[in-house]
Every structure is written in structure tokens, then in C-alpha cells.
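Here's the letter readout for the chains.
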There are 2 protein chains.
Amino acid sequence: MATVTVAAAPWKQLLLSALESNSHRKHSSYFQLATVGSSGRPSNRTVVFRGFADNTDNILINTDARTRKIEELKHCPFAEICWYFTDTWEQFRINGRVDVIDESNPDPVKIQQREKSWFASSVRSRMQYLGPNPGLPSLSDQPSPGFVLDPSSGPVASFCLLVLDPDQVDYLNLKSNQRMCFTSRQSANGSKCWNSERVNP
Amino acid sequence: MATVTVAAAPWKQLLLSALESNSHRKHSSYFQLATVGSSGRPSNRTVVFRGFADNTDNILINTDARTRKIEELKHCPFAEICWYFTDTWEQFRINGRVDVIDESNPDPVKIQQREKSWFASSVRSRMQYLGPNPGLPSLSDQPSPGFVLDPSSGPVASFCLLVLDPDQVDYLNLKSNQRMCFTSRQSANGSKCWNSERVNP
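Residues numbered from 1 in each chain as written. Chains lettered and ligands numbered in written order. Predicted model: local features only at pLDDT ≥ 70, side-chain atom pairs only at ≥ 80, totals over all residues. Heavy atoms only, no water.

## A word on the overall build of chain A
Right, so step 1: A count of helices and strands for chain A gives 4 helices and 9 strands.
Right, so step 2: Each helix and strand of chain A, ordered N terminal to C terminal, gives the series β-α-β-β-β-α-β-β-α-α-β-β-β.
Right, so step 3: Computed over the C-alpha atoms, the radius of gyration of chain A is 18 Å, within 12% of the 17 Å expected from 2.2 N^0.38 for a compact globule of 201 residues.
Right, so step 4: Taken along its principal axes, the extent of the C-alpha atoms in chain A is 60 × 40 × 35 Å.
Right, so step 5: In chain A, buried positions account for 50% of the 201 residues.
Right, so step 6: Of the roughly 9,800 Å² of accessible surface on chain A, 52% is carried by carbon and sulfur atoms.
Right, so step 7: Side chains of chain A give 22 positive and 20 negative charges; the mean places of these two sets differ by 3 Å. (Helix = DSSP H or I, 4+ residues; strand = E, 2+ residues; numbered from the N terminus. Rg over C-alpha atoms; globule rule 2.2 N^0.38 Å. Buried < 20%, exposed > 50% of the residue type's maximum accessible area, 1.4 Å probe, protein only. Areas by Shrake-Rupley, 256 points an atom, 1.4 Å probe, with all protein chains shown as cover. Lys, Arg positive; Asp, Glu negative; His and termini not counted. Charge placed at Lys NZ, Arg CZ, Asp CG, Glu CD.)

Next up, the structure:
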């Protein structure tokens, strides 16, 4: 069976359709992000899809700069998303390189992107970044003191934006029992091209 | 806050409760399994929980011996499960070593365990292992020919049992906003002991 090569990411429409079909489930915007720890062991956790970066196929994730995934991504910048849609029985495995954008990033465009993601999230979400260091021993059984956050103030130091640039996507539909592999490569002019191939489920 | 050390796996009861509370959702028995590829990149896919191995905390997963995760696990035997329960908002991250039990395994007890898992799965599930090589290009648009499988015959060559032996569990409850870390170590007599610690979410 011949493979097909196109410039637009052919998996993106499948993903947008899945998001649409499953949108009545709050958890349809959650997926699992796998990284590799400095020990060489895999790590895996649930994160929230924050949309695509403007006019790209790059996937946005907000995270706390104090979590272990940040040091893991500095050690190995690759990650694989596994996104299972519980109503339509579709799975997307999205592999790519992750750009970690924290407040020390020297690129003004990226700093702007981080700020945009901060304001796009709810004030309630932003409040999480004011809490104690995630993963460290909980020092008290008392609830955290009531933080006050000005809705107009920009990102706090612990707010970090992850941008995953996909280069391989494996799509599986368990209802139709069909599976597609999408692989990217650089074309002669430097832009990204996608190959699609139907594979056995 | 003092840590607590016990011999029985303290996270197992939490996991059994979550399974019970979410049992009306078919997808509550699905979780994401992260491994590390030979390239050093992470891999991540949805698999089905097949229960615990008899009288242990070891987690059983059935898989096709022809899938990429098998070569990945031979290269790096560690995996992390990320298991998110959509109704109760609980997440379990379970890290441990995976034992790959295929038909060539020299241990008769493990071969028996593999056979038991084969017969514990439905005939429909078993049929999958007769299909064409997963992940290879699909050679035909025709449906696969109707295979016949005698329900009394034992595991086929492509059937493989994975047994994950947890040594670290991270539990997060998004409703109560509580997080616990469970870490195991070998006690003086060689048995496994678990430390529990409450950490910041």
C-alpha cells in the first residue's frame, strides 16, 4: 500500500474531531505525558491539553517549574503523549521534542507565548502555582493559607509552558479497528512534511 | 511529618477502592504504560489491567509479543503506569520492573502463569493474537480471514504476559487535593517494605 506525503499535519483533523466528539466529557482534555528520568526510567503523568500554539501543530501544556518533569525534560527533551478518548475509543500516541519555556527564557516571542498561556488559564488554575513545592513532604495538615492573586498580574516564577513539537503520531480507532502511522520529515525547503501509512492494529 | 513503614502494600487498598468506585466505567480498567525505547525516547500506550498475580501486588498485562514494547522492555525493563480514574479524580503512578513472559520462558511456574492469563481472557481477546503483525504496514483493505480458535487450546506463540513489580507509587486525589508517595525497600529478611509519605500535590 502506497504511503501519502502532505505538508499539513493529517492527524490534526482526526484529533480535532475526537476532541469535538468527546467534548461533553471534562476528562477528554486530559492526556498522559511520558518522559525519561535521569535514572533512565520512564515517568508518566496526567496533564491538561491547553490547545495548539498559534498556526502550528505544537501542543501546549502548563506545568509547575518545580515538578520533576522539568529536570527530566532538560535531561531528555523527548516525550510521548498517550491520549485515549473514552467515548469514541480512539487513541493518539504523539511523540516529539518538548521546549521548556520558563521565566528565564531569552526569547521574547516565547516569553510572550508563556504570558498568553498564563492569562488563558483560569485564575483558579493560576492559584496552584502559589502553593508549596509539589512533591516535597507536606509539612502541615493545615490547609494552605489563602493566597491572593491579582487577575491582571503576569505569570509567577513557578509557571512554566511546555510546547511539544510532534514528529510521529500513531492513531488507533478501536471501533473501526483501524490504525494509522504519521511520520514527519524535513522537506528540501526546511518545512515539515507528513507521511501517512495504514498499519495493522 | 513522620513516614510510616509497613509490609503490606498500603497503596493497594486505595487502588482496589478506586477500581470498585469506578467499576461502572468500562475504561476504568485501562491505563497508560510508559516505557523507554532503544533510542532513549519514551513510549506510551493504553493497555488493559488484567488483575494482580496471585497473593502479590504485581500487576498483570497481556500483550502481543510482536509489539514494540517487548523489545523496549528487553532494552530497559522499567515501566511507569499512569492510571487516571475519571469519576473519582484519582491518579496512580506506579513505577516498577517488568518481567516479560513469552512462550520461551524457562521457568515452569511463569509458563503456568502465562497459560492462566490466556484462559482468563475472553475468546474474542485471544483472537487478536492470530491477526497480522501489529504495527506493520497493512497489506490489504480486506478484512482478515475468519480465524478459528479452539477455546480449549493453550496460548499461541504471539501471546505474552507482562508482570509489573511496583517499587514506587504516587497517589493523587484531585477531589481532596491530597497526594501520597509510597516507596518500597528490601527489609533485612529480604521481604519488601513500604514507606508512606504525604507530599504536596
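Text resumes after the structure shown.
## Some remarks on the interface of chain B and chain A
Right, so step 1: At the junction of the two partners, chain B supplies 47 residues and chain A supplies 47 residues.
Right, so step 2: Each partner contributes to the roughly 3,800 Å² buried at the junction of chain B and chain A, and carbon and sulfur atoms together form 48% of this total.
Right, so step 3: A:D167 is paired through a salt bridge with B:R41; the nearest N and O atoms lie 3.1 Å apart.
Right, so step 4: Applying the counting rule to chain B against chain A returns 23 residue pairs in polar contact (both at pLDDT 80 or more).
Right, so step 5: Looking at side-chain class alone, the side of chain B that touches chain A contains 19 nonpolar, 17 polar and 11 charged residues. (Contact = heavy atoms within 4.5 Å. Buried area = accessible area lost by both parts, 1.4 Å probe. Salt bridge = Lys/Arg side-chain N within 4 Å of Asp/Glu carboxyl O. Polar contact = N/O pair within 3.5 Å; in protein donor to acceptor, adjacent residues only side chain to side chain. Nonpolar A, V, L, I, M, F, W, Y, C, P; charged D, E, K, R; others polar.)

## Remarks on the side chain of A:R93
Right, so step 1: Checked against the element boundaries, A:R93 lands in strand β6 (residues 90-101).
Right, so step 2: Here B:N44 takes part through its backbone oxygen, which lies 2.7 Å from a polar atom of the side chain of A:R93.
Right, so step 3: Setting aside anything within four residues of it in sequence, one finds A:R93 in contact with A:E80, A:I81, A:C82, A:Q168, A:V169, A:D170, A:R179, B:S43, B:N44, B:R45 and B:R68.

## Some details on the UniProt feature "domain: Pyridoxamine 5'-phosphate oxidase Alr4036 family FMN-binding" (unreviewed entry) in chain A
Right, so step 1: As annotated in UniProt, the feature "domain: Pyridoxamine 5'-phosphate oxidase Alr4036 family FMN-binding" (unreviewed entry) corresponds to residues 9-101 of chain A in the numbering used here.
Right, so step 2: Here residues 9-101 of chain A runs as 22% helix and 43% strand, with 24 Å between its end C-alpha atoms. (UniProt positions renumbered as here; feature names shortened; annotations may be inferred.)

## A few points about the relation of the copies chain B and chain A
Right, so step 1: Placing chain B over chain A gives an RMSD of 0.0 Å and needs a rotation angle of 180 degrees, together with 0.0 Å of translation along the axis. Such a turn and shift between the copies fits a two-fold axis. Across chain B, the smallest distance between a C-alpha and the rotation axis is recorded for B:A34, namely 3.0 Å.
Right, so step 2: A shared binding surface is used by both copies, with 100% of the interface residues of chain B retained as interface residues in chain A. (Least-squares fit on C-alpha atoms with pLDDT ≥ 70 in both.)

## Side note on the state of the cysteines
Right, so step 1: Considering all chains together, one arrives at 0 disulfides over all chains under this definition.
Right, so step 2: No disulfide involves B:C82; its sulfur sits 9.7 Å from that of A:C82, the nearest cysteine. (Disulfide = S-S within 2.5 Å.)

## Thoughts on the side chain of A:E72
Right, so step 1: Turning to its location among the elements, A:E72 is positioned in helix α2 (residues 68-75).
Right, so step 2: Non-local contacts of A:E72, meaning those with residues more than four positions away in its chain, are made with A:T35, A:V36, A:G37, A:S43 and A:R45.

## Some details on unusual backbone geometry
Right, so step 1: For A:N177, which is not glycine, the phi dihedral falls at a positive 60 degrees.
Right, so step 2: Within the secondary structure layout, A:N177 lies in the loop between β7 (159-173) and β8 (178-186).
Right, so step 3: Phi is positive for B:N55, close to 55 degrees, though the residue is something other than glycine.
Right, so step 4: What makes B:N55 exposed here is its relative accessible area of 83%.

## Let's talk about the pattern of salt bridges
Residues and elements named next belong to chain A.
Right, so step 1: Enumeration over the complete set of coordinates arrives at 24 salt bridges over all chains.
Right, so step 2: As a salt-bridge pair, E72 and R68 come within 3.8 Å of each other at their nearest N and O atoms. Here E72 and its partner R68 are both found in helix α2, 4 residues apart, which amounts to about one turn of the helix.
Right, so step 3: The class for R68 is partly exposed, based on a relative accessible area of 44%.
Right, so step 4: D170 is the salt-bridge partner of R179, the closest N and O atoms lying 2.7 Å from each other.

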